[in-house]
Amino acid sequence: MGRLLVTESERLLEAMGCPKVQLMVRPENEAVRGFYDELGYEAFTVWSAGKRLVVDGPGGPA
């Protein structure tokens, strides 16, 4: 089912003129990395950064 969802998503994005799909997977998530490898996704060496503006969980806003 996952393959069908990804394939259909790619088809729809391409039909809208989207030239590229990028996704983020944690390095230790080998199962998901393997899934996307089999679908032809390539790993890139990039620097990705983020900043939490709202803390989730204990200590965060009510």
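Just so you know, these numbers come straight off a predicted model, no measurement behind them.

Thresholds applied
- Residues numbered from 1 in each chain as written.
- Predicted model: local features only at pLDDT ≥ 70, side-chain atom pairs only at ≥ 80, totals over all residues.
- Heavy atoms only, no water.
- Helix = DSSP H or I, 4+ residues; strand = E, 2+ residues; numbered from the N terminus.
- Expected span 1.5 Å × (residues − 1).
- Salt bridge = Lys/Arg side-chain N within 4 Å of Asp/Glu carboxyl O.
- Buried < 20%, exposed > 50% of the residue type's maximum accessible area, 1.4 Å probe, protein only.
- Phe/Tyr/Trp six-rings, centres within 6.5 Å; stacked < 30°, edge-to-face > 60°.
- Lys NZ or Arg CZ within 6 Å of the ring centre and 35° of its normal.
- Axes fitted to C-alpha atoms, helices over the stretch in contact; angles between N-to-C directions.
- Parallel < 35°, antiparallel > 145°, perpendicular 65-115°, else oblique.
- Left-handed = near helix turned anticlockwise from the far one by under 90°.
- Contact = heavy atoms within 4.5 Å.
- Nonpolar A, V, L, I, M, F, W, Y, C, P; charged D, E, K, R; others polar.

S.K.: Would you mind going over helix α1 (residues 2-15) in detail, with residue names and values included?
M.R.: The terminal C-alpha atoms of α1, which comprises 14 residues, lie 20 Å apart, in line with the 20 Å expected from a rise of 1.5 Å per residue. Among the residues trailing α1, Gly17 stands out with phi positive, at a value near 95°.

S.K.: Residue-level account of the pattern of salt bridges, with values.
M.R.: Throughout the structure, instances matching the rule amount to three salt bridges. For Arg3, the salt bridge identified is with Glu38, shortest N-O distance 2.5 Å. Pair noted here: Arg3 is in helix α1 and Glu38 is in helix α2 (residues 30-38), with a separation of 35 residues, a long-range link. Exposure remark for Arg3: the relative accessible area of 40% places this residue in the partly exposed category.

S.K.: If you had to explain the environment of Pro19 to someone new, which residues and values would you point to?
M.R.: By secondary structure assignment, the location of Pro19 is in the loop between α1 and α2. The spacing of Pro19 and Arg3 is 16 residues in sequence and 20 Å in space, taken between C-alpha atoms.

S.K.: Before we move on, can you summarise the packing of aromatic side chains with the specific residues and values?
M.R.: For the structure on display, the rule yields two aromatic pairs. Ring plane angle 80° and centroid distance 5.0 Å describe the contact between Phe35 and Tyr36, whose orientation is recorded as edge-to-face. An aromatic cluster of three or more residues is present, and its members are Phe35, Tyr36 and Tyr41. The ring of Phe44 has Lys20 lying over it, and the distance from NZ or CZ to the ring centre is 5.1 Å.

S.K.: An account of the packing of α1 against α2 is needed here, citing residue identities and associated values.
M.R.: Packing of α1 against α2 brings their axes to within 11 Å, and their N-to-C directions diverge by 55°. For the element pair α1 / α2, the angle class is oblique. In terms of crossing hand, the pair formed by α1 and α2 is right-handed. Along the contact surface, α1 presents Gly2, Arg3 and Val6, while α2 presents Phe35, Tyr36 and Glu38. Its residues assigned to classes, the contact of α1 with α2 comprises three nonpolar, one polar and two charged.

S.K.: Go over the environment of Leu13 with me, naming the residues and quoting the values.
M.R.: Residue position: Leu13 is located in helix α1. Leu13 sits in the partly exposed class, given a relative accessible area of 30%. C-alpha of Leu13 to C-alpha of Arg52: the two residues are 39 residues apart in sequence and 29 Å apart in space. Excluding anything up to four places from it in sequence, Leu13 contacts Cys18 and Val21.

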